[in-house]
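Residues per chain are reported as follows:
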Amino acid sequence: MNQPDDFYWMNKALEQAASVMFVTTPNPRVGCVIVKNRQLLGQGATQKAGGPHAEVCAIHNAQDNGHDLAGSTFYVTLEPCSHYGKTPPCVDAIIAARPARVVIAMADPNPLVGGRGIARLQEAGIEVHCNLLAEQALALNPGFISRMLTGRPWVWTKLASSLDGRMALYNGQSQWITSAAARADGHYWRARSCVVLTGLGTVLHDDPLMTVRSLATPRQPVRAIIDSRFAVPETARIFNGEPVWVFTTHLDEAKAARLLAKNVQLIVMPEKNGHVDLDAVLAWMGKQQINEVHVEAGPGLNGALLQAGLLDELLLYMAPKILGDAHGLFRLPVLNELDQAYQFDFFETQTFAPDLRLRARLQNRWDTLLNSVVHK
Ligand SMILES: [Zn+2]
């Protein structure tokens, strides 16, 4: 049974989790608050990998303030871990604190946890309540949950277009379709991702750095390029000494060795229809513990990812401008029937004046993730 204050306190725990958005990867963003007699005793969020998890941070915070946690309620955004990873299991620390209740937003489909955290708490005589604000908790960690469930990251593509869905003029002009506010928000999405993925065409055309710049972050995502023929210029600005992955089907050892000196890793992938097999790229990233992939690319790579069924989410900034005959967002074969269209569902709109930000996703993929974190 939910108690009247449960939503309030779980929202506080979600705020804790959101506060470590750029910190915890490859671990999930998790928050915890501890409450007794409607009073906050302690709170915390998961730290950098290898550091303490949210539950232990909250327990220490409460104990540092001299509180006795017996009879308290824990609010945790993810099922507490029950296995030894880099740190001891959080369920042991919770049980030792002797709370009366533990409220959990979502279960952990991690095969190492898989409901055992919840079971351990119940066996210790603690009342456990699950699935409170599960969808909000999932929204903070779609990549981690996707990786646990399917072995591959959650992928969104950042798009900027005119009202008529055009991204660039035929003469190539494209950089400033959307406003400074919209472009700054794009850096938030780069910052929370583990990988910023682009294509050779964007590197050749825009020569971008693809780094996070308009906000402070303790870590930069890895930048990655899909470059089937390994034609990327060695002088590209993206090779700035920080890690870059280049996915190709074409091995050139001499060029690879020169780029390695610039911290560039060449990854030779299987070929599919004459290009890098994008399924294989995402499976490889999953093995590297990549949770979220932010795509920022032209119509070629966007079209290929869409056709391969690999775009989970669209992040579209739309300016109230009409460009008329110009480049579209996705290069795709011509469709003959409307029911062949790629179908997404809008789930959020926000204004970044004068532009709009639209978010849409593959609803069935989202529902699969959500279903996996709901404790039955
Ligand atoms: Zn833990």
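Labelled according to an unreviewed UniProt entry, the protein appears under the name Riboflavin biosynthesis protein RibD, originating from Advenella faeciporci.

**Quick look at helix 10 (residues 278–287)**
Burial analysis of helix 10 places 7 of its 10 residues in the buried class, the great majority of the element. Turning to helix 10, its buried residues number three or more, namely Leu278, Ala280, Val281, Leu282, Trp284, Met285 and Gly286. One side-chain oxygen of the residue at the start of helix 10 lies 3.0 Å from the amide nitrogen of Asp279, identifying that residue as Asp277. Phi for Gln289, located one or two positions after helix 10, is positive at around 65°.

**Points about the sheet that holds strand 18 (residues 355–361)**
If you trace the 9 strands from one edge of the open sheet to the other, you get 11-10-9-8-14-6-15-18-17, paired in mixed fashion. The open sheet terminates on both sides in strands that have one partner only, identified here as strand 11 (264–268) and strand 17 (345–352). Strand-to-strand, the axes of this sheet are offset by a mean angle of 20°, without reference to chain direction. Relative to strand 18, strand 17 is paired through 7 bridges, and the arrangement is antiparallel. Paired with Phe346 across the bridge in strand 18 is Ala360. Against the sheet, helix 12 (residues 363–373) makes contact with strand 6 (154–162), strand 17 and strand 18, and its axis sits at roughly 145° relative to strand 6, the strand it touches most.

**Side note on the coordination of the zinc ion**
Those protein atoms acting as donors to the zinc ion are His53 (ND1), Cys81 (SG) and Cys90 (SG), and they sit at 2.0 to 2.3 Å. One chain supplies every donor to the zinc ion, and in sequence these donors are spaced H-x27-C-x8-C. Highlighted residues: His53 in the loop between strand 2 (39–45) and helix 2 (54–64) and Cys81 in the loop between strand 3 (73–76) and helix 3 (90–97), separated in sequence by 28 residues.

**Structural notes on the sheet that holds strand 3**
On the basis of which strands lie adjacent, the open sheet formed by 5 strands has the order 2-1-3-4-5 and mixed pairing. The two strands at the open ends of the sheet, each matched to only one other strand, are strand 2 and strand 5 (127–129). Averaged over neighbouring strand pairs, the angle between their axes works out to 15° when direction is ignored. Where strand 4 (residues 101–104) lies against strand 5, 3 bridges are found, and the strand directions are parallel. Across the sheet, residue Val102 finds its bridge partner in strand 5, namely Val128. Taken strand by strand, helix 1 (residues 6–18) contacts strand 1 (31–36), strand 2, strand 3 and strand 4, and its axis lies near 145° from that of strand 1.

Rules used throughout
Residues numbered from 1 in each chain as written. Predicted model: local features only at pLDDT ≥ 70, side-chain atom pairs only at ≥ 80, totals over all residues. Heavy atoms only, no water. Buried < 20%, exposed > 50% of the residue type's maximum accessible area, 1.4 Å probe, protein only. Helix = DSSP H or I, 4+ residues; strand = E, 2+ residues; numbered from the N terminus. Polar contact = N/O pair within 3.5 Å; in protein donor to acceptor, adjacent residues only side chain to side chain. Pairing = 2+ DSSP bridges. Axes fitted to C-alpha atoms, helices over the stretch in contact; angles between N-to-C directions. Contact = heavy atoms within 4.5 Å. Donors = N, O, S within 2.8 Å, 3.2 Å for Na, K, Ca; no water.

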